[in-house]
Amino acid sequence: MSARPPRRGLAALAPFLWLAVFFAFPFLLVAKLSLSDTALAMPPYAPRLDWSKGLQGLGDFARGLDLQTYGRLVTDRLYVAAYLSSLKFAGIATAILLMIGYPIAYGMSRCPPRLRQALLMAVILPFWTSFLIRIYAWIAILKPGGLLNQALGLLGLPPLALMDTDVAVYIGLVYAYLPFMVLPLYAVLERQDESLLEAAADLGCTPRQAFWRVTFPLSLPGVAAGALLCLIPMIGEFVIPDLLGGSGTLMLGKTIWTEFFANRDWPAASAVAIVLLATLIVPIAIYQRQQMKLLEADR
Amino acid sequence: MTGRARLNVGAVRSSFAPWADPAARPLVRFEAVTKRFGAETAVNGVSLDIYEREFFALLGPSGCGKTTLMRLLAGFETPDAGRVTLAGEDLSGRPPHQRPVNMMFQSYALFPHLSVEQNIAFGLKGLPKAEIADRVVEMLAMVRLEGLARRKPDQLSGGQRQRVALARAIAPRPRMLLLDEPLAALDKKLREETQFELIALQQRLGMTFLIVTHDQEEAMVTADRIAVMRAGEIVQIGRPAEVYEAPNCRYVADFIGDVNLFEGQVAGSDGASVRFASPDCPAGFEALQDEALGVGTRAWLAVRPEKIVLHLDPPPPGPNRMAGKIADFGYLGDWTTYLVEIEGGRTVRAARANASRLVERPIGADDPVWLSFAPDAAVVLTS
């Protein structure tokens, strides 16, 4: 075949165009911001690119950029603490999600097919309501006079002060990300060959041994996918710690917001965002490799 | 039965015949076993004995209940009625992992996350490490996969996977090996080779094999005895040569190999042979049959194509003679199957070995031919 259809090249270009417009360009903008200094101006940073001076303007602009803000991220304990705290929140929440999500996904995959469809629907259904409204609903449940404490009061139990604590953040994170854990696990467990379990039983495994020797190892790609799918966005999560967590809850998403809107320190906010993205590249790359492996295993 | 007192039937591999010995105790015994799935009866009151060191085949079309019968023995299904015993012990209520039988699955069911040697060692858990290692080496040598011990199943060919599955099922040294369509996924050449390997292996190990297959050739080649199944019931049990040469009904005659069935009515019998009147043959049929049949009884004569002689010149008159013309023929290399349209309109299959490369008088379409068969070539069937 010598004559290649020319349109194919254009189609291949589309994703790159999309990436350039919606990722590369904003990313460069933020990177530029992070290298600037704060200024009492509108917008509150300098230097700014002045096209009217032509090439010299570009030179002035480039000379004005420096890594000062990044230096501050390392020396200022607050940023380091926020970073570590974000990792802790996301890590612990991922572990809890695995412990809750695996049995749910496993149970679903063992149900009769018709029930499976209904359960899958139930897992996806919350997505049909606004995320924000669902988190606000948790405020109504967790607040001092909220549904949870009313229920505890009816049972004659002392109230729990959960609102504005780390526990509330964990509840919110686990609640919001559970479908992201359950769905990849379910996808892997559901297509596992039933005859493998029969073979394991035939070769002397009790059902429990068969689970640990066959089902679980074969579900590890799903475990990895689910864990990364939750961990990556949770590290940068903003809404949940902001609405459910207290003033002491340190998470990067909140830090970025504070720098941007409260302190009006755009370069610092941008630098935090860049560092966050840079550190997330590793788990994202791992996740991508996992997905490719899963796709190849399908063929 | 057809003259079995006078003549032996077909080829017999050895004098191994524990089923004929009333003192012999079977290894496995199905006692009036019934299994239903919803409204469907998969296995209907089957009783069956399988003896130690026997190579036993369950043969039948798909959906006849042969796989269900095997799964009842492995413990994957529980009978609705009846019971299964192994070495005299009732297996009821024993889960698969506590039964001393291993199964080789039709899909092979190899563990994709484990290497070849880990797959083979899977059922050896609990043995000392050194013994596991020895056993794995022994099994790898047995199936000639020594160089592939560390490969994963997806890096193997179909034939290699089949051998890993076999080694994995044999490694725990079960009392009995169950093979569910073990060769179905292999191509014809490899399948034929593997059939003989299975026989050699079974003889060497002295293990009892139960094979489930829909392929009559596979059952004939490998098994000491075959149980032919239909709709959840066993129709006939016998040595391969018995079910081929002495089928007990039209179903078995038709399922195993090719057959011509001639319908007729008993015209007379003298205790040694029976004469039939049939629209297919003006001079009537004659077949050896020591069992007396009442005159007028409806019966069928089953005659295998290779037992029908094809004549180019009219043979001397007598019973079992038919005139016709060649309607079509299929050249298979070693054999040629001729479809002969006889007087009266029906088609009869006759097979001829192509014993010489060159023939004096080639047979072509529309050539007039005559067919005949010996009285001992026909089996008289009443059902």
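Thresholds applied
All chains use their own residue numbering, which begins from 1 and follows the written sequence. Here the convention is simple: chains get letters from A, ligands get numbers from 1, in the order in which they are written. Only residues with pLDDT of at least 70 are given local features in this predicted model, and only at 80 or more are side-chain atom pairs given and counted; all residues enter the totals for whole chains, interfaces and linings. Segments assigned H or I by DSSP are reported as helices when at least four residues long, segments assigned E as strands when at least two residues long, and all are numbered from the N terminus. Here a residue counts as buried when 20 or more other C-beta atoms sit within 10 Å of its C-beta, as exposed when there are 12 or fewer, and as partly exposed otherwise, the C-beta atoms being derived from the backbone. The predictor attaches a confidence to each residue, and that confidence, scored 0 to 100, is pLDDT. By definition, residues are in contact whenever their C-beta atoms, placed on the basis of the backbone, come within 7 Å of each other. Residues are grouped as follows: nonpolar covers Ala, Val, Leu, Ile, Met, Phe, Trp, Tyr, Cys and Pro; charged covers Asp, Glu, Lys and Arg; every other residue, Gly included, is treated as polar. What makes a nonpolar core is a set of buried Ala, Val, Leu, Ile, Met, Phe, Trp, Tyr and Cys residues, with links drawn between C-beta atoms within 7 Å. In this description, strands pair whenever DSSP reports at least two bridges between them. To get an axis, fit a line to the C-alpha atoms, keeping to the stretch in contact for a helix; angles then go from 0 to 180 degrees between the N-to-C directions. Angular relationships are summarised with four words: roughly parallel below 35 degrees, roughly antiparallel beyond 145, roughly perpendicular across 65 to 115, and oblique for the angles in between. The hand of a helix crossing depends on one turn: near helix anticlockwise from the far one by less than a right angle means left-handed, and clockwise means right-handed.

Asks: Hey, could you go over unusual backbone geometry for me, with residue numbers and the actual values?
Replies: Of note, Arg 264 of chain A is a non-glycine position whose phi angle comes to about 50°, a positive value. Structurally, Arg 264 of chain A can be placed in the loop between helix H12 (252-262) and helix H13 (266-298). The phi angle at Glu 181 of chain B is positive, at roughly 45°, despite the residue not being glycine. Mapped onto the elements of the fold, Glu 181 of chain B is located in the loop between strand E7 (176-180) and helix H5 (188-205). On the neighbour-count criterion, Glu 181 of chain B (20 C-beta atoms within 10 Å) is buried.

Asks: Would you mind going over the confidence of the model for chain B in detail, with residue names and values included?
Replies: In this model, chain B carries a mean pLDDT of 89, and residues with pLDDT of at least 70 account for 96%. In the predicted assembly, ipTM is 0.83 and pTM is 0.81.

Asks: Let's hear about the interface of chain B and chain A: which residues, and what values?
Replies: Contact with chain B, which involves 17 residues of that partner, is made by 14 residues of chain A. Residue classes in the side of chain B that touches chain A are distributed as eleven nonpolar, five polar and one charged.

Asks: Now, about the nonpolar core: what can you tell me, with residues and values included?
Replies: Ranked by internal contacts, the top residues of the largest apolar core, which has 106 residues, are Leu 178, Val 228, Leu 301 and Ala 378 of chain B. The element contributing the most residues to this core is helix H4 (residues 158-170) of chain B, with six residues. Beyond its immediate chain neighbours, meaning those up to four positions away, Leu 178 of chain B contacts Met 70, Leu 73, Ala 74, Val 101, Asn 102, Met 103, Met 104 and Leu 210 of chain B. If you look at the next biggest cluster of nonpolar residues, it comprises 51 residues, including Phe 180, Met 234, Ile 235 and Ile 240 of chain A.

Asks: Describe the sheet that holds strand E15 (residues 309-311) of chain B, listing the residues and the values that go with them.
Replies: Residue and element names in this part refer to chain B. Taken in spatial order, the five strands of this open sheet run E15-E19-E16-E17-E18, and their pairing is antiparallel. At either margin of the open sheet sits one strand with a lone partner, and together these are E15 and strand E18 (347-353). Taking each pair of neighbouring strands and ignoring which way they run, the sheet shows an average axis angle of 45°. Looking at chain direction, strand E16 (residues 321-331) and strand E17 (residues 335-342) are connected through seven bridges and run antiparallel. Its bridge partner being in E17, Lys 325 is matched across the sheet by Glu 341.

Asks: Go over the packing of helix H6 (residues 131-142) of chain A against helix H8 (residues 166-190) of chain A with me, naming the residues and quoting the values.
Replies: Residue and element names in this part refer to chain A. Interhelical geometry of H6 versus H8 gives an angle of 140° and a closest axis separation of 11 Å. When the axes of H6 and H8 are compared, the pair comes out oblique. Helix-helix and strand crossings are classified by hand; for H6 and H8 the assignment is right-handed. Two secondary-structure elements touch here, H6 through Phe 131, Ile 135, Trp 138 and Leu 142 and H8 through Ala 168, Ile 171, Gly 172, Tyr 175 and Ala 176. By residue class, the composition of the contact of H6 with H8 is eight nonpolar, one polar and no charged.

Asks: Mind laying out the sheet that holds strand E20 (residues 378-381) of chain B, listing which residues take part and the relevant values?
Replies: Residue and element names in this part refer to chain B. Reading across the sheet, the five strands line up as E13-E12-E11-E14-E20 and stay open at both edges, with antiparallel pairing between neighbours. Two strands in the sheet have a free side with no partner beyond their single neighbour: strand E13 (281-288) and E20. Adjacent strand axes in the sheet meet at a mean angle of 45°, parallel and antiparallel pairs treated alike.

Asks: Describe the environment of Tyr 186 of chain A, with residues and values.
Replies: Residue and element names in this part refer to chain A. For Tyr 186, the position within the fold is in helix H8. Once the C-alpha coordinates of Tyr 186 and Val 223 are considered, the two residues, 37 residues apart in sequence, prove to be 9.8 Å apart. Excluding residues that lie within four positions of it along the chain, Tyr 186 makes contacts with Ala 105, Met 108 and Ser 109.

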